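# Coordinate inspection notes
Now for the letters of each chain:
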Amino acid sequence: GGGGLNVAAVPSPAGNFSKTQETVLQFRLLDGSTFRHQFAIGATLGDAFRVVQGHLKGGVTNLPESPSFSLKMLHPRMEFTHETHSEQTLSELGLSPSATLILSALRGAGGGSSGAGGGGGGWRSWLSSWWSGSGGSGDVGE
């Protein structure tokens, strides 16, 4: 007899999803500048915090115990903190295949080096007021 099935000829459905094997995040820093980073599938938000910290510190990727910033997404409006979300994957948080995250100084974070000089307070003030739900006040003058 014989009659064995040739299962090697059956294509794998996983091959259809190869284009979504990474996540690209764009980060807007406190000074208004932006940068992008590509993360592998399965990367966590903790990985994203390390990348941002490394960018801010010129390549050092060791995070302090408590980062002085959170990451915010405008639509849908969400705020991610290292303490609460660092173990979740970017996909679980709805950040795949791409998203833009805005750095925000945590309230009570003392004396940080995050205060870059040269303006920028206008849009930060607007973002802060928008985030807290008070809308865009008209007195955000220079």
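Below or above, wherever it landed, is the structure these notes cover. (Residues numbered from 1 in each chain as written. Predicted model: local features only at pLDDT ≥ 70, side-chain atom pairs only at ≥ 80, totals over all residues. Heavy atoms only, no water.)

Relative to the helices and strands, Thr23 is located in strand 1 (residues 22-28). Engagement of the side chain of Thr23 in a polar contact is seen with the side chain of Ser96, the distance being 2.6 Å. Excluding residues within four positions of it along the chain, Thr23 makes contact with His37, Gln38, Phe39, Leu90, Leu95, Ser96 and Pro97. (Helix = DSSP H or I, 4+ residues; strand = E, 2+ residues; numbered from the N terminus. Polar contact = N/O pair within 3.5 Å; in protein donor to acceptor, adjacent residues only side chain to side chain. Contact = heavy atoms within 4.5 Å.)

Attention now moves to the pairing of strand 3 (residues 69-73). The side chains of a regular strand alternate, first on one face of the sheet and then on the other. For strand 3, the tally of buried residues reaches five of five residues, placing the bulk of the element in the interior. Here strand 3 shows a buried face lined by Phe69, Leu71 and Met73 and a second buried face lined by Ser70 and Lys72. Direction of pairing for strand 3 relative to strand 5 (residues 98-105): antiparallel, over a ladder of four bridges. Residue Leu71 lies in a different strand from strand 5, and its bridge partner there is Leu103. Of the strand pairs in this sheet, strand 3 and strand 4 (residues 78-80) are connected by three bridges, and their pairing is antiparallel. Paired with Leu71 across the bridge in strand 4 is Phe80. (Buried < 20%, exposed > 50% of the residue type's maximum accessible area, 1.4 Å probe, protein only. Pairing = 2+ DSSP bridges.)

Attention shifts here to the packing of aromatic side chains. This model, assessed by the stated rule, comprises three aromatic pairs. With centroids separated by 6.4 Å and ring planes inclined at 75°, the aromatic side chains of Phe27 and Phe39 adopt a geometry described as edge-to-face. Note that Phe27 is positioned in strand 1 and Phe39 in strand 2 (residues 34-40), a separation of twelve residues in sequence. Accessibility assignment for this pair places Phe27 and Phe39 in one class, buried. Linked through ring pairs, Phe27, Phe35 and Phe39 together constitute an aromatic cluster. (Phe/Tyr/Trp six-rings, centres within 6.5 Å; stacked < 30°, edge-to-face > 60°.)

Pairing in this open sheet of five strands is mixed, and the strands run 2-1-5-3-4 from one edge to the other. The outermost strands of the open sheet, each flanked by one partner alone, are strand 2 and strand 4. On average, adjacent strands in this sheet sit at an angle of 30° to one another, irrespective of strand direction. (Axes fitted to C-alpha atoms, helices over the stretch in contact; angles between N-to-C directions.)

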